[in-house]
Amino acid sequence: MAEELTNLLISEHHPMDSLLRQDRLPHIWCSGCGLGTVLTCFVSALQKLELDLNKVVIVSGIGCTGRAAGYLNLDGFHTTHGRAIPFATGLKLGNPELKVVVISGDGDLMAIGGNHFIHAARRNMDLTVLCVNNFNYGMTSGQVGPTTPTDARTSTSPYGNAEHPFNVPYLAAATGATYVARWTALHVRRLERSLIEAMNKRGFSLVEVISPCPTYYGRWNKMGDALEQMKQYHDHSIIRHRTDPAEADISLGGEIIVGRFVDEDKPTFCDLQREAVQ
Amino acid sequence: MNDNGILQGDFFIDGDTACAEAAICAGCRFFGGYPITPATEIAERMARRLPQVGGTYIQMEDEIASIAAVLGASWAGQRAMTATSGPGFSLMMENLGLGIITETPCVLVNVQRAGPSTGMPTLAGQGDMMQARWGSHGPYEIIALAPSSPQELFDLTIRAFNLAERYRTPVLVMTDEAVGHMTERVVIPPSEEIKHYPRRKPQVPPSDGYLPYNPDPDGVPPMACAGEGYRIHVTGLTHNEKGYPATVSVETQRKLVERLIRKIRDNRDDIVELHEDQVQGADVVVVAYGISARTAARPVRVAREMGLKVGLLKLVTVWPFAENRIQELASQVKAFVVPEINMGQIALEVERCAGGKAQTILVPHAGGGLHDPDDVLEAIMRVSRWNREPETQNSKPET
Amino acid sequence: MKLWRKPLDQDRVVVPHGEIHLILERCKGCQLCVTYCPRSVLEMSNLFNAKGYHPPQVGFPGRCVACGLCAMLCPEFAIYVVEV
């Protein structure tokens, strides 16, 4: 059948394969899920960064995004729900040579792991956190979460969400993150650049990616198929660098302010600890 | 203090401090903790001492984060520990399970206080012994040691680090408030006399064919750490030898769980440490651990002075349980007397192993103090009397 | 390409051309590559891969300028472009 596809060359390998655990592909993510695209951007950023890949460690929590660590051909840790950041903290302090990146979802990082998130930001722990926000718990089939917009429907908010959501960049900035950016999964080039900047940052850096969950969140909220949902997020987004993240709330069907909100320098936990002890 | 910052000599220190110093002697260079009575002194000592030996102390936001950070530090190549008490121990149960399934060497000290819940923060208890065994969900085997003096807390903390590396598993030091806060002479031997079991490293260079969970013949896989080029994948999901999730493979689950259990159960002879005092030929054996083994010494002596044949069996290793020895003794003795500062936990294990061949008499204590030696003596005398007058065995014990 | 004015360096700039590669069995038919190709090079095929998804095919091979956006958008590491 393959030869019937017109003008395509059929290959066995992809240029990013060396950074992937090919024996685990295809991944578990649904067709049209933004996670695969985010992972591609991450791999692309890694290829452009001049890092010793043997020293790059990925730590994930639990959930759809939590599976990211398992697809990258790097040292990867798939920890317990919400505990990726404290586990990553131990890794970084145990061996400061490591470049530790946490890739996890909004439910994992903001609900069950919310306390760890704010404290790692407060300490300015030298970690990069990539938070993929799909506004619901996808792995358990679409329940309401800490970032679900007010009024949005999910399987556990069937009458509409009665809670106010977290504004992730605002939370990160308020608690001390030194680099904060937000993009949608369709802003691939900008996302890649932000990931490069975040990983080059000494200190706690956060990149939030708004990503479609066509299977659950999109369906509950009548957002059409994966493509339409992806397009809607992109169309509703407004790039406003350096904007006050307090103004970057996300409402159901409303605009999504994206961009690089915070980029500053301050001493990390390790810097201050070293200074204090000497 | 030696040039390398490690203590040596005779000291008059409390159990918690001895525990911290032992960790440093054992090569521990990472402590992640959260203050909690009566374990706080361990964190305080580590906060002061670790920077002096090139280690890192971090006070985490809670006990969940503390043990998560300890696991992370272990995977970064460090010997790492945390210390807590009941409420914090409860919070650590989740990631204790992660440590077990990912086979992460580390040490967790529980300075037990009286519970349940917040209970009596400043007073002793031994109510977490079954939680130590079964507190995290799922089937597993655990190693738990129970010291009964500051010196023993020192010695067993070092042993805990070595067992953790030897069997690649979290090891629990189940001490209690009385031992933690007791100030006594503690001898810290010269560094060169302290045994270190080094981390077992892979014998092959990084390659595609490397299997991070392929065990040595004794069931323990060598451990490649983060940053060593092996590109390991470590997950709390059921995983195969490659470390990859196999969440619907019943066969992989069976193999993994059986290995995790057998690597400890099959090595009980190495792990289980017992101190026996006149157990051979005794009619009654007092089975005790931790501070209760110490309070039991006096009633045992008094009973012997009264002419009773009483032995004292101290469980230095509580988990895995000394099944074989208790079974053996059950056919030789008339009864076991088990004093513990809870309402009956290890007594259940003793009773199970005795298998009806000998009586098991619990001497409970609800917590907040130590046993009155007379309560233990009374139990010894009561069962000794049964032996001489068998017809009274079924009658209600006098009060 | 239609231009409203002739760039000064038009003679010197060579517009690159790309050749599109597909790893057929990784494709989940999400259509991101087809939808967002800035030069509308790709189209959906009517065929199925082994998993039952429709993979894309190249409708207008001459248009590809090897920008690589399809590869960046592809969630499956299934498509990439080689500049020729």
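Going by the structure above, here's the rest.
Read on for a plain summary of the structure. For clarity, every value in this text was computed on a predicted model and none was experimentally measured. (Residues numbered from 1 in each chain as written. Chains lettered and ligands numbered in written order. Predicted model: local features only at pLDDT ≥ 70, side-chain atom pairs only at ≥ 80, totals over all residues. Heavy atoms only, no water.)

## Looking at the pairing of strand β2 (residues 56–60) of chain A
- Counting buried positions along β2 of chain A yields 5 of 5 residues, so the element is predominantly enclosed.
- Both faces of β2 of chain A are covered, namely the face carrying Val 56, Ile 58 and Ser 60 of chain A and the face carrying Val 57 and Val 59 of chain A. (Buried < 20%, exposed > 50% of the residue type's maximum accessible area, 1.4 Å probe, protein only. Helix = DSSP H or I, 4+ residues; strand = E, 2+ residues; numbered from the N terminus.)

## Things to note about the environment of Val 15 of chain C
- For Val 15 of chain C, the location among the structural elements is in the segment before β1 (18–22).
- Considering only alpha carbons, one finds Val 15 of chain C and Leu 73 of chain C, 58 residues apart in sequence, at a separation of 22 Å.

## Points about the packing of aromatic side chains
- Applying the stated criterion across every chain yields a total of 9 aromatic pairs over all chains.
- Ring geometry for Phe 77 of chain A and Phe 87 of chain A: centres 5.3 Å apart, planes at 40 degrees, overall tilted. With Phe 77 of chain A in strand β3 (residues 75–78) and Phe 87 of chain A in helix α2 (residues 84–94), the pair connects residues that are 10 residues apart, well separated along the chain. With respect to burial, Phe 77 of chain A and Phe 87 of chain A carry one shared label: buried.
- Taken together, Phe 77 and Phe 87 of chain A together with Trp 75 of chain B form an aromatic cluster joined through their ring pairs.
- Geometry around Tyr 244 of chain B places Arg 24 of chain A over its ring, the cationic atom sitting 5.5 Å from the centre.
- One Lys or Arg, Arg 5 of chain C, reaches over the ring of Trp 4 of chain C and ends 5.6 Å from the middle of that ring. (Phe/Tyr/Trp six-rings, centres within 6.5 Å; stacked < 30°, edge-to-face > 60°. Lys NZ or Arg CZ within 6 Å of the ring centre and 35° of its normal.)

## A word on the interface of chain B and chain A
- Counting from both sides, the interface comprises 38 residues of chain B and, opposite them, 37 residues of chain A.
- Surface buried jointly by chain B and chain A totals about 3000 Å² across both partners, of which 56% is contributed by carbon and sulfur atoms.
- At the junction of chain B with chain A, the criterion picks out 3 salt bridges.
- For Glu 61 of chain B, the salt bridge is made with Arg 123 of chain A, and the minimal N-O distance between the two is 2.8 Å.
- Along the contact surface separating chain B from chain A lie 23 residue pairs in polar contact (both at pLDDT 80 or more).
- Secondary structure elements with two or more residues in the side of chain B that touches chain A: β3 (56–59), α3 (63–75), α4 (86–101) and β10 (233–235) of chain B.
- Per-element tally for the side of chain B that touches chain A: the top contributor is α3 of chain B, with 8 residues.
- Tallied by class, residues from the side of chain B that touches chain A come to 22 nonpolar, 10 polar and 6 charged.
- As paired elements, β3 of chain A and β10 of chain B share 3 bridges and run parallel to each other. Paired with Phe 77 of chain A across the strands is Val 234 of chain B, a residue of β10 of chain B. (Contact = heavy atoms within 4.5 Å. Buried area = accessible area lost by both parts, 1.4 Å probe. Salt bridge = Lys/Arg side-chain N within 4 Å of Asp/Glu carboxyl O. Polar contact = N/O pair within 3.5 Å; in protein donor to acceptor, adjacent residues only side chain to side chain. Nonpolar A, V, L, I, M, F, W, Y, C, P; charged D, E, K, R; others polar. Pairing = 2+ DSSP bridges.)

## A word on the interface of chain C and chain A
- Listed as interface residues are 38 residues of chain C and, on the opposing side, 40 residues of chain A.
- Interface area lost by chain C to chain A is led by Arg 26, Met 72 and Phe 77 of chain C, which between them contribute 25%.
- Inspection of the chain C/chain A interface yields 1 salt bridge.
- Note that Arg 26 of chain C and Asp 17 of chain A form a salt bridge whose closest N and O atoms lie 3.0 Å from each other.
- Among the elements of the structure, β1, α1 (32–36), β3 (56–58), α2 (69–73) and β4 (79–83) of chain C are those that each provide at least two residues to the side of chain C that touches chain A.

## A few points about the sheet that holds strand β7 (residues 205–210) of chain A
- The 9 strands are arranged β8(A)-β9(A)-β6(A)-β7(A)-β5(A)-β4(A)-β2(A)-β3(A)-β10(B) in an open sheet whose pairing can be described as mixed. The open sheet has two edge strands with one neighbour each: β8 (237–239) of chain A together with β10 of chain B. Strand-to-strand, the axes of this sheet are offset by a mean angle of 20 degrees, without reference to chain direction.
- Examined bridge by bridge, β8 of chain A and strand β9 (residues 256–263) of chain A share 3 bridges and lie parallel to one another. Within the sheet, the bridge partner assigned to Ser 237 of chain A lies in β9 of chain A and is Ile 256 of chain A. (Axes fitted to C-alpha atoms, helices over the stretch in contact; angles between N-to-C directions.)

## Things to note about the pattern of salt bridges
All names here are of chain B.
- The full count for this structure, using the stated rule, is 43 salt bridges over all chains.
- For Arg 199, the salt bridge goes to Glu 165, with nearest N and O atoms at 3.0 Å. In this pair, Arg 199 sits in the loop between β9 (183–188) and β10 while Glu 165 sits in helix α6 (residues 150–167), placing the two residues 34 residues apart along the sequence.
- Residue Glu 165 is classed as buried on the basis of its relative accessible area, which comes to 4%.
- Through salt bridges that share partners, Arg 166, Arg 200, Asp 216 and Asp 218 make up one connected network.

Honestly, it's all geometry; don't read function into it.
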